[in-house]
Structure formats: structure tokens, C-alpha cells
Amino acid sequence: MLATMRTKIIGGNWKMNTDRAGAAALSAAVAGAVKGVAGVETAVFPPFPYLLPVAEALKGSGVLLGAQDVYHAEKGAFTGEVSVGMLKDCGVGIVLAGHSERRHVMGEGDDLVNLKVRAALHGGLSVVLCVGETLHQRQVEETNHVNEKHVRLGLRTVTPEELRRVVIAYEPVWAIGTGKTATPDDAQEAHAHIRAVVGDMFGKEAAGALRIQYGGSVTAANARSLMGMPDVDGALVGGASLKADEFGAIVAAAG
Ligand code: PGA
């Protein structure tokens, strides 16, 4: 019954793709493609330099503007980093934290991810905390253990009030950008475990209200079966979010 109360949320993570004109065109096309789909929250996560033109193109569409990362310090000598305040100044309402490419390409650990999660929540943003196991970790049956660690450390000292602005994205690393999607049953099993961990930390009611997205090679063809599972509350979409029609079809599948 609780599952029906959770509004599905679809995010488009553009990663390091598009250019200035392409980002504006894609966001305008996404706004058009999701118009008329009721009862689904939609967000796009463009590269930092294109936040302002995308904000402009999304005006009045109801599509949330997201950022792919954030730094936890308020300001100062942190060359290359972007603060919560700067993102809010550009109209950002939601940020990714701990995406697997940040963890595995840039070497971010759970402690840094936790600092980012807390700073973003403290500043009033919503956060998508990304978790998920590598292929090796799955093969040695560490999936639940890894997800639990990412969730417990990522949400350390987050308050119950702040948790309402948290979404968790379960993104098995082996499924990201590979065309290999978790089966709906595998996704459901991981999501149920993540929800149980959040229940242990914050209580059953809070866990029942938390939205858990699946991410990893989501397409218009597989979105419906994944989101049909009881604990799958949306999708974080990479490659397929770069085509407005396909992304719109995924949003429609959640509606
Ligand atoms: P993908 O990326 O859909 O291209 O697999 C998902 C993600 O990294 O968020």
C-alpha cells in the first residue's frame, strides 16, 4: 500500500555530453516530451556549464534542474569545485552524490560522499544518493553488503526531516552504460534490501516513503518491467536520456 504513495521520479543524467546549443535544445525537447504525463517527477542533470541555458529552457515546464555533483565547502580555495550556493544560484534543485563514475573513476569514497549529501541537504537541495556493486562484488555475493555500506555511510547523520529530500539510486556498476540491465527480480531484491537498511536507520514509515530509483542501461523497452516491481520507484537514465523521445517514453512508462 505504501508503494502507491511514492511518486515515481525519473532522472536524466547527461554526464559529460552535449554542447551549449545541444543542451538547450535537448532540455526544450524533454520539456515538450514530458508535457501531459501526470504524476511523475522528472529531472535532468546537464553538465555544469550548461545549467543556466537549460534552466532557461525548462522554465515553466515543471522539469527539475539537477547537477551531477557538488562540493561540500561553502566557498574558498577549492579549485575546480562548485558549491551548493552556486548551484542554487543557477536554479538547481537536486544533485547527484556518489555516482559510480565519481566513486570509481574519480576515486570518491563514502566519507566524501556523505559530506556532499549533508551539505546539499543542509542547503535545502534534494539529493540522489547513488549506490551499487561492481561485477566482481556481485560475483562474490557482496551486493547487499556493498549497498548497505553505501547507504549507511552516505546517510550518516542525515536527519529524518532531511531524508524526505533524499532519493536513492541503485545503479549496479556492471549495468551502467553496458547495455546489460539488471533483471526486474535482481533490481527488486536489491531495492528491498536497501529499503530495509533505511528502515533500520530511520524507521519503517520513513523507509516506506523513500523513493529508490533503478539505474543502469534503462531504455524505453525495459523501463516498464523494471518500474513494475514494488520497490522500484523510478529510474536514473544515462545514455537514453540524451534522446528526448526515448527519455519521454521512459517518463511515460512511469506515469
Ligand atoms: P546508463 O547510465 O543509463 O547509460 O547506463 C546510468 C547512469 O549512470 O546514471
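Before reading further, recall that the structure is shown in the block above.
Computed from a predicted structure; not experimentally measured.

*Asks:* Outline the site of the ligand, listing residues and values.
*Replies:* Around the ligand sit 13 residues in total, of which Lys15, His99, Glu171, Gly177 and Ser217 are the nearest. His99 is positioned such that a nitrogen or oxygen atom in its side chain is 2.7 Å from an oxygen atom of the ligand. One nitrogen or oxygen atom from the side chain of Glu171 is found 2.7 Å from an oxygen atom belonging to the ligand. Notes on the ligand: free accessible area 280 Å², of which the protein chains cover 95%. For the shell around the ligand, the residue count by class is four nonpolar, seven polar and two charged.

*Asks:* I'd like to hear about helix H5 (residues 110-122), residue by residue, with values.
*Replies:* A rise of 1.5 Å per residue sets the reference length of H5, with its 13 residues, at 18 Å; its end C-alpha atoms lie 18 Å apart and thus fit the reference within 8%. Those residues of H5 that sit buried are Asp110, Val113, Asn114, Lys116, Val117, Ala119, Ala120 and Leu121.

*Asks:* Run through the sheet that holds strand E7 (residues 211-215), naming residues and quoting values.
*Replies:* In space, the eight strands of this closed barrel follow the order E1-E2-E3-E4-E5-E6-E7-E8, with parallel pairing throughout. Put simply, the sheet's adjacent strands are angled 25° from each other on average, direction ignored. Here two bridges tie strand E3 (residues 64-67) to strand E4 (residues 94-97), and the two strands are oriented parallel to one another. Across the sheet, residue Gly66 finds its bridge partner in E4, namely Ile94. Relative to E3, helix H2 (residues 51-58) is tilted by about 165°, and along the sheet it contacts strand E2 (40-45) and E3.

*Asks:* So what's going on with the pattern of salt bridges? Residues and values would help.
*Replies:* In the structure shown here, the tally under the stated rule is 20 salt bridges. One salt bridge in this structure joins Asp231 and Arg6, with 3.9 Å as the shortest N-O distance. With Asp231 in the loop between helix H11 (223-227) and strand E8 (234-237) and Arg6 in the segment before strand E1 (8-13), this residue pair connects regions lying 225 residues apart in the sequence. Neither residue differs from the other here; Asp231 and Arg6 are each classed as buried. Between Arg211 and Glu41 there is a salt bridge, with the nearest N and O atoms lying 3.0 Å from each other. On the criterion of sequence distance, the pair formed by Arg211 in strand E7 and Glu41 in strand E2 is long-range, its members being 170 residues apart. Taking the relative accessible area as the measure of exposure, Glu41 reaches 30% and is therefore partly exposed. Residues joined in a network through salt bridges with shared partners are Arg6, Arg195, Asp231 and Asp233.

Thresholds, definitions, all that
- Residues numbered from 1 in each chain as written.
- Predicted model: local features only at pLDDT ≥ 70, side-chain atom pairs only at ≥ 80, totals over all residues.
- Heavy atoms only, no water.
- Near = heavy atom within 4 Å.
- Polar contact = N/O pair within 3.5 Å; in protein donor to acceptor, adjacent residues only side chain to side chain.
- Areas by Shrake-Rupley, 256 points an atom, 1.4 Å probe, with all protein chains shown as cover.
- Nonpolar A, V, L, I, M, F, W, Y, C, P; charged D, E, K, R; others polar.
- Helix = DSSP H or I, 4+ residues; strand = E, 2+ residues; numbered from the N terminus.
- Expected span 1.5 Å × (residues − 1).
- Buried < 20%, exposed > 50% of the residue type's maximum accessible area, 1.4 Å probe, protein only.
- Pairing = 2+ DSSP bridges.
- Axes fitted to C-alpha atoms, helices over the stretch in contact; angles between N-to-C directions.
- Contact = heavy atoms within 4.5 Å.
- Salt bridge = Lys/Arg side-chain N within 4 Å of Asp/Glu carboxyl O.

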